[in-house]
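Here is what each chain is made of, one letter per residue.
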Amino acid sequence: MSGISGIGFNNSYASGFFGPAYNNGGSGNVSEAAAGSVTGDTKVTLNPGESVEKKPGMRSSPAECETCKNRKYIDGSNENVSFKSAAHISPEAAPSRVRGHEQEHVANAFKKAEEGNGKVLQASVKIQTAVCPECGRTYVSGGLTTTKIMYKNENNPYTKNRKSADAASGLIGSSFDAAV
């Protein structure tokens, strides 16, 4: 299994097999100069273009959410694919970027099967979502690619036994039509 996972800013709500998220070095406080624009009521807009309405029970609105601003994604596999270093993806672009990344894993599986005289039996991609604990926004938190490859192994004793059993039972050549 391989895939990409989101890592958030001081977010202990990581899901799936990705493990805990880590704090990327921020103090939790952002100066207004470094954060972005300041609205009329002195609220800092970290994510321009997002809603400034704060949902009930949430600490901030999506426009002011520091967790969403600092969320990064990293690949946890041993394959040569994108996102080997943690990188930020905007919440709007995350679905397509994560799907594209997971497609790299699928393409690698087909390439690996071709090189090893195998066949890809199954390849599936699961896109995972989560809810930001600070602002309540649903976002793509990562993806998981699962592949099954079958390799032909003529030296396997079970394969040899099956072939000899087929030959003894008359299955080999039973569908042969010489008239065609």
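Residues numbered from 1 in each chain as written. Predicted model: local features only at pLDDT ≥ 70, side-chain atom pairs only at ≥ 80, totals over all residues. Heavy atoms only, no water.

Asks: Just to check I follow, could you spell out the environment of Lys54 for this structure?
Replies: The topology assignment puts Lys54 in the loop between strand E3 (44-45) and helix H2 (66-70). Residue classification places Lys54 among the exposed residues on the basis of a relative accessible area of 51%. The spacing of Lys54 and Glu64 is 10 residues in sequence and 9.1 Å in space, taken between C-alpha atoms. Excluding residues within four positions of it along the chain, Lys54 makes contact with Arg59, Ser60 and Ser61. (Helix = DSSP H or I, 4+ residues; strand = E, 2+ residues; numbered from the N terminus. Buried < 20%, exposed > 50% of the residue type's maximum accessible area, 1.4 Å probe, protein only. Contact = heavy atoms within 4.5 Å.)

Asks: Explain the pattern of salt bridges here, please?
Replies: For side chains bearing opposite charge, pairing can occur when the charged atoms are close. One pass over the full model with this rule turns up two salt bridges. The partner of Lys84 in a salt bridge is Asp75, and the shortest N-O contact between them spans 2.8 Å. For Asp75, a relative accessible area of 6% corresponds to the buried category. Taking the shortest distance from any N to any O, the salt bridge between Glu92 and Arg137 comes out at 3.9 Å. On the criterion of sequence distance, the pair formed by Glu92 in the loop between strand E5 (87-88) and helix H3 (94-115) and Arg137 in the loop between strand E6 (118-131) and strand E7 (138-151) is long-range, its members being 45 residues apart. (Salt bridge = Lys/Arg side-chain N within 4 Å of Asp/Glu carboxyl O.)

Asks: Would you mind showing me how to read the packing of aromatic side chains here?
Replies: The geometry of an aromatic ring pair comes down to the distance between the two centres and the angle between the two planes. Under the criterion given, the structure shown has zero aromatic pairs. Looking at Arg71, its charged tip hangs above the ring of Tyr139, at a distance of 3.4 Å from the centre. (Phe/Tyr/Trp six-rings, centres within 6.5 Å; stacked < 30°, edge-to-face > 60°. Lys NZ or Arg CZ within 6 Å of the ring centre and 35° of its normal.)

Asks: I tried to follow H3 on my own but got confused; where do I start?
Replies: A turn of α-helix holds 3.6 residues, and therefore any two residues three or four places apart point the same way. End to end, H3 covers 32 Å across 22 residues, agreeing with the expected 32 Å (1.5 Å per residue, within 8%). Those residues of H3 not exposed but buried are Ala94, Val98, His101, Glu102, His105, Val106, Ala109 and Ala113. Here the buried residues of H3 occupy an arc of 145° about the axis, which is enough to place them on one side. Among the exposed residues of H3, those pointing more than 90 degrees away from its buried face are Lys111, Glu114 and Glu115. Immediately beyond the C-terminal end of H3, within one or two residues, lies Asn117, with a positive phi of roughly 55°. (Expected span 1.5 Å × (residues − 1). Arc of directions from axis to C-beta.)

Asks: Help me out: how do you make sense of the pairing of E7 in this one?
Replies: Regular strands place their side chains on alternate faces of the sheet. The pairing of E6 with E7 spans 13 bridges and is classified as antiparallel. Across the sheet, Ala123 pairs through a bridge with Thr147, a residue of E7. Between E6 and the antiparallel strand that follows it, E7, lie six residues; Gly136 among them carries a positive phi value of about 85°. (Pairing = 2+ DSSP bridges.)

Remember, this is a structural readout, not a statement about activity or role.
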